[in-house]
Amino acid sequence: MTAPKLSLTTTTADEATVDAVVIGTVQSDSDPGGVTLAPGSERVDAAFGGNLAEILRTVGATGKQDEVVKIPSMGKIKAGLVVAAGLGKAGDGGPAAEQVRRASGVAARALAGTRRAVTTLSTVDLQAAVEGTLLGAYRFTEYRSEKGDAPVERVDVESPAEGTAKEHRTALKTATAIAEAVRTARDFINTPPNDLYPASFADRAAALGRDAGLEVEVLDEKALRKGGYGGVLGVGMGSTRPPRLVRLSYQGPKARKKVALVGKGITFDTGGISIKPAATMDEMTSDMSGAAAVVAIMVLASKLKYPLSLTATVPMAENMPSGSAYRPGDVLTMYGGKTVEVLNTDAEGRLILADAIVRACEDGPDYLIDIATLTGAQMVALGRRTPGIMGTDEFRDRTAEIARSTGEGGWPMPLPDELRGDLDSKLADIANVTGHRWGGMLAAGIFLREFVAENVQWAHIDIAGPAFNPAAPWGYTAKGGTGVPVRTVAALLSDIADNG
Ligand code: BES
Ligand code: MN
Ligand code: ZN
């Protein structure tokens, strides 16, 4: 569905000829139910005789997160409607970026069906307001006959007092590009598995890559066989729709560092012969979220022109049970020659990632970032919204810290050596599962570590929960694909571009 068109304005919200004005509300620390207005709403408040907070409180506004209250303006300002979005409690420094992003997202959802609005939340944090608005307005209606209320068409973004017009334009452009990348990832994830299978996913990724000026290479099943990609081929064997491996490269101006991205692209995960229970199996349409994020980030990189050299290695397969499927007990020879005993065909992600990681390391990257909906254990450990981040110590911690600064969240997790012994195989170099449930997310990380080249700084991001929201929308997060961790990796790449 088309994104709203955002443009900067210096016209204040009270004077704007629009249908709705978005303001922020803040929850009181001391007075329960006490609501105050966020910075940026002063002129709107003045038009209401300084009584706007009291009016809002009367109709039940508290300023808490995810709250949105609409009141008619009755001619006090040009717009007919005031949309007050809750920011939650604010610290001494005022509302944080993530609070602005979420409130903007909630407001954008409440604006569905409206043609034109102006937001004042941008005066608190321009980039966060733009991201929140574009992400909150996201809807996936491709497969609906009745599309419902259209997302808000135009949003004027009030310029903050600080900074130059040029800085504001750059912030708008950057935030728009980042939000577009998240929307691209969401579109891939939300496309159902009968339409998004390895070949069609590869075609779409290749087309996006070419349009963005990236170098594109697609290995089909024949090329995979010739190359010896035993992991991708083994997992893909059970499906009538053969696997693919997509390679995208981006050569930035004056590249300081080489970064390799790898993303898990299981277009549907039934578990294979080690089949999953029927309940919520449909959510395995999102098992290509890592791949979706990687493709979207490559397109973003070319738009933002990071001074980096980037490669994406994206294995795509469908994990199905059938007469031709791989079995528990099979031994696969992976790309690069290591052998893996498959004890559980549902631990398929690590098998396709192993091939891709070895291939990615051949290019000699400084950094390797892999993204995968890898383990249910991630959700047991960290819940539905916090990615688990593993890898080499320093880069893992750096990634986790940046993940938290973007609002996507992320927590560093260890790779305890003793788990490696539990992956010993009775006949191959390694087994794909431990045979017990303990530290399942970490065991998957330990398995991947075996395939990462020495001297590569590595971050492994397990997004099993965070990639997909099966429940009600919240903040700027829609139901379905979330696009996590696109913003984290964008911030990480820009940090590497700046600091090496
Ligand atoms: N795609 C799943 C992990 C997953 C589960 C993602 C739930 C999102 C939501 C992965 O391929 C898988 O099945 N992992 C197994 C590993 C086990 C067999 C060691 C799991 O977590 O159960
Ligand atoms: Mn699985
Ligand atoms: Zn999977």
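Counting starts from 1 at the beginning of each chain's written sequence and moves along it residue by residue. Whichever chain is written first is A, and whichever ligand is written first is 1; the rest continue in order. Note on the predicted model: pLDDT of at least 70 is required for a residue's local features to be given, and 80 or more for side-chain atom pairs to be given and counted; whole-chain, interface and lining totals, by contrast, use all residues. To obtain the side-chain values, all non-hydrogen atoms of the structure were used and water was disregarded.

Focus on the side chain of Thr-62
Worth spelling out the cut-off: Working definition: helices are DSSP H or I runs of at least four residues, strands are E runs of at least two. Numbering for both runs from the N terminus. For the exposure calls, accessible area comes from a 1.4 Å probe over protein chains only, and a residue counts as buried if that area is under 20% of its type's maximum, exposed if over 50%, partly exposed in between. Here a polar contact means two N or O atoms within 3.5 Å. Within protein one must be a hydrogen donor candidate and the other an acceptor candidate, and residues neighboring in sequence count only if both atoms are side-chain atoms. Note on definitions: a residue-residue contact is assigned when non-hydrogen atoms from the two residues lie within 4.5 Å.
Position of Thr-62 among the secondary structure elements: in the loop between α2 (52–58) and β4 (68–72). In this structure Thr-62 comes out as buried when scored by relative accessible area, which is 19%. From its side chain, Thr-62 meets the backbone nitrogen of Lys-64 in a polar contact 3.3 Å long. Of the polar contacts made by the side chain of Thr-62, one reaches the side chain of Glu-67; its length is 2.8 Å. Residues within four places of Thr-62 in sequence aside, it is in contact with Val-26, Gln-27, Gly-33, Gly-34, Val-35 and Glu-67.

Notes on the coordination of the manganese ion (ligand 2)
Quick note on the threshold: Distances up to 2.8 Å from the metal define which N, O and S atoms are donors, and 3.2 Å serves for Na, K and Ca; water is absent from the atom set, so sites may look incomplete. Each label reflects the angles at the metal, where four donors whose angles all fall between 85 and 135 degrees are tetrahedral, four or six donors whose opposite pairs open beyond 155 degrees and whose other angles stay between 65 and 115 are square planar or octahedral respectively, and the rest are irregular.
Ligation of the manganese ion (ligand 2) by protein atoms is provided by Asp-269 (OD), Asp-346 (O), Asp-346 (OD) and Glu-348 (OE), these donors lying 2.0 to 2.2 Å from the ion. The coordination sphere of the manganese ion (ligand 2) comprises six donor atoms, whose angles at the metal cover 70 to 167°; the geometry is irregular. Of note, the donors binding the manganese ion (ligand 2) are all from one chain and are spaced D-x76-D-x1-E. Note on Asp-346: relative accessible area 23%, which makes it partly exposed. Owing to a relative accessible area of 0%, Glu-348 belongs among the buried residues under this scheme.

Focus on the packing of aromatic side chains
What counts is decided by this rule: Here a Phe, Tyr or Trp ring, Trp counted by its six-membered ring, pairs with any other such ring whose centre lies within 6.5 Å, and the pair is stacked when the planes are under 30 degrees apart, edge-to-face when over 60, and tilted otherwise. Cation placement over rings: the criterion is NZ of Lys or CZ of Arg within 6 Å of the ring centroid and within 35° of the ring normal.
Scanning all chains against the criterion turns up five aromatic pairs. Judged by centre distance (6.1 Å) and plane angle (35°), the ring pair of Phe-140 and Tyr-143 falls under tilted. On the basis of relative accessibility, which here comes to 46%, the residue Tyr-143 falls in the partly exposed class. When the centroid spacing of 5.0 Å and the interplanar angle of 55° are considered together, the rings of Phe-188 and Phe-201 count as tilted. Note that Phe-188 is positioned in helix α5 (residues 165–190) and Phe-201 in helix α6 (residues 198–211), a separation of 13 residues in sequence. Residue Phe-201 is classed as buried on the basis of its relative accessible area of 0%. Of note, Arg-385 hangs over the ring of Trp-474, and the distance from its end group to the ring centre comes to 3.6 Å.

A short note on unusual backbone geometry
The omega angle of the peptide bond from Val-484 to Pro-485 is 10°, so this bond is cis rather than trans. Backbone geometry at Thr-280 places phi at a positive 60°, although glycine is not the residue there. Here Thr-280 shows up in the loop between β11 (265–269) and α9 (289–304). Backbone geometry places Lys-305, a non-glycine residue, at a positive phi of 55°. Looking at where Lys-305 falls in the secondary structure, it is placed in the loop between α9 and β12 (309–319). You can call Lys-305 exposed: its relative accessible area is 55%.

Regarding the sheet that holds strand β13 (residues 331–333)
The test is simple: In short, DSSP must find at least two bridges between two strands for them to pair.
In spatial order, the strands read β13-β14-β18; together these three strands make up an open sheet with mixed pairing. Only two strands of the sheet have a single partner each, and these edge strands are β13 and β18 (430–431).

Side note on the site of ligand 1
What counts is decided by this rule: Residues are classed as near a molecule or strand on a simple rule: at least one heavy atom within 4 Å of it. Surface exposure here means Shrake-Rupley accessible area, sampled with a 1.4 Å probe, where a residue is shielded only by the protein chains that are shown. Each cavity reported here is a set of points on a 1 Å grid over the protein atoms alone in which a 1.4 Å probe fits but cannot get out, each pocket an open set with protein on both sides within 12 Å along at least five of seven lines, and each lining residue one with an atom within 4 Å of a point. If over half the atoms of a molecule are within 2 Å of the grid points of a cavity or pocket, the molecule is regarded as sitting in it. Only Asp, Glu, Lys and Arg are considered charged, only Ala, Val, Leu, Ile, Met, Phe, Trp, Tyr, Cys and Pro nonpolar, and every remaining residue, Gly among them, polar.
Around ligand 1 there are 16 residues in total, and Asp-269, Lys-276, Asp-346, Glu-348 and Gly-376 lie nearest to it. Within the side chain of Asp-287, an N or O atom sits 2.9 Å from a nitrogen atom of ligand 1. Here Leu-374 contributes a backbone N or O atom positioned 3.4 Å from a nitrogen atom of ligand 1. For ligand 1, whose unbound accessible area comes to 520 Å², protein coverage reaches 76%. Judged by the fraction of its atoms near the pocket grid, ligand 1 is located in the largest pocket. Here the shell around ligand 1 is built from residues that sort into five nonpolar, four polar and seven charged.

With respect to the layout of surface pockets
To be explicit about the condition: Grid points are joined across faces, edges and corners, and a volume is the space filled by probe spheres set on the points.
For the largest pocket, the calculated volume is near 860 Å³. The wall of the largest pocket is formed by 36 residues, among which Arg-350, Leu-374, Thr-375, Gly-376 and Ala-377 lie closest to the centre. Of all the secondary structure elements, the ones that give two or more residues to the lining of the largest pocket are α11 (376–382) and α14 (440–449). Sort the elements by how many residues they give to the lining of the largest pocket and α11 lands first, with five residues. For the lining of the largest pocket, the residue count by class is 15 nonpolar, 11 polar and 10 charged. Estimates place the volume of the second largest pocket at around 720 Å³. Lining the second largest pocket are 30 residues, with Phe-140, Arg-144, Asn-190, Lys-479 and Gly-480 sitting closest to its centre. Only α3 (97–110), α4 (126–136), α5 and β20 (468–469) provide two or more residues apiece to the lining of the second largest pocket. When the residues that make up the lining of the second largest pocket are grouped by side-chain class, the tally is 17 nonpolar, seven polar and six charged.

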